[in-house]
Amino acid sequence: MIEPASFALAALIVLCGFFIFGISGFGSSIVSVPLLVQMYPLKVVVPMMVIIDICASLYVGRKSSSDANIQELKWLFPFSLIGMVLGIFLLIKAPSEPLLLILGTFAAINGIRVLVQRNVESRDPINKWWAMPFGFFGGVFTALFATGGPVYVSYLGLRINNPKVLRATMAFAIFMLTFLRLTLMLVTGLILSWEVIGLAVCLLPVTFLGIWAGTNVHTRLSNASMRIAYGSILVFAGSMLLIRQIT
């Protein structure tokens, strides 16, 4: 049974997460998951976010695919798939407490990185072979926490200088990776739960509201302002999760 108070807070969290997604093309899960796991089990939150991400990505990912740099993603996806297999294994077998500590640390560090680097100017692209470690660890975090976006954007941001192409490439990457996650979770049975499906369906209206609002705002908001907001939310979410786990 879904408790009204918990659900109302979860809806607000998902609204904020997909508002960020509407602006940047990624970031919904890394914002939402560290806060949602304080109300629901990790093995409920991650499959639930897969269902929600599919619905969101069907809209944003397909719409953005014409501007995406598909060649960059061809280098990332093979290594991502290897990482996702490991991530699913850890989600099933590993205890939740150390995983949540890793998630909180990951979110807080990424938030600090975003805030520190918000005004970094364009630079020469890094070597494409960096796709190997970035793709692998992005796949692990994508399957384990549904939070691989910051890893992928860290790599793609060092390969693509055009903000419009970067946003489109990230949105399309999320679109494709979500279906890989869905396949793996169907095989393992993680997503075949009425609690997971019911919660996801109930949260879909605020998901689309957040995407709509973010999409309308992203053309007016400067990159620096967006990164300040995104980084601040990450630091807050990661810190709250770390405090909860430590105490």
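Fair warning: this is a prediction, and the values are worked out from it, not measured in the lab. (Residues numbered from 1 in each chain as written. Predicted model: local features only at pLDDT ≥ 70, side-chain atom pairs only at ≥ 80, totals over all residues. Heavy atoms only, no water.)

Considering the overall build of the chain
When helices and strands are tallied, the chain shows 10 helices and zero strands. Start at the N end of the chain and walk to the C end: the helices and strands fall as α-α-α-α-α-α-α-α-α-α. In the chain, which comprises 247 residues, the proportion classed as buried is 50%. Sequence separation of 24 or more characterises 85% of the internal contacts of the chain that already satisfy a separation of 6 or more. Accessible surface for the chain amounts to roughly 11400 Å². Of this, 69% is attributable to carbon and sulfur atoms. (Helix = DSSP H or I, 4+ residues; strand = E, 2+ residues; numbered from the N terminus. Buried < 20%, exposed > 50% of the residue type's maximum accessible area, 1.4 Å probe, protein only. Contact = heavy atoms within 4.5 Å. Areas by Shrake-Rupley, 256 points an atom, 1.4 Å probe, with all protein chains shown as cover.)

Concerning the confidence of the model for the chain
Per-residue pLDDT for the chain has a mean of 81; in total, 90% of the residues score no lower than 70. When the elements of the chain are averaged for pLDDT, helix α10 (residues 223-246) gives the smallest value, 76, and helix α9 (residues 194-218) the largest, 89. (pLDDT = per-residue confidence, 0-100.)

Section: the packing of aromatic side chains
Taken as a whole and judged by the stated rule, the model has six aromatic pairs. Note on Phe18 and Phe21: the rings are 5.8 Å apart at their centroids and 65° apart in plane angle, and the pair reads as edge-to-face. Of this pair, Phe18 and Phe21 both sit in helix α1 (residues 4-24), separated by three residues, roughly a single helical turn. Taken as a pair, Phe18 and Phe21 share a single burial class, namely buried. Note on Phe136 and Phe137: the rings are 5.2 Å apart at their centroids and 80° apart in plane angle, and the pair reads as edge-to-face. (Phe/Tyr/Trp six-rings, centres within 6.5 Å; stacked < 30°, edge-to-face > 60°.)

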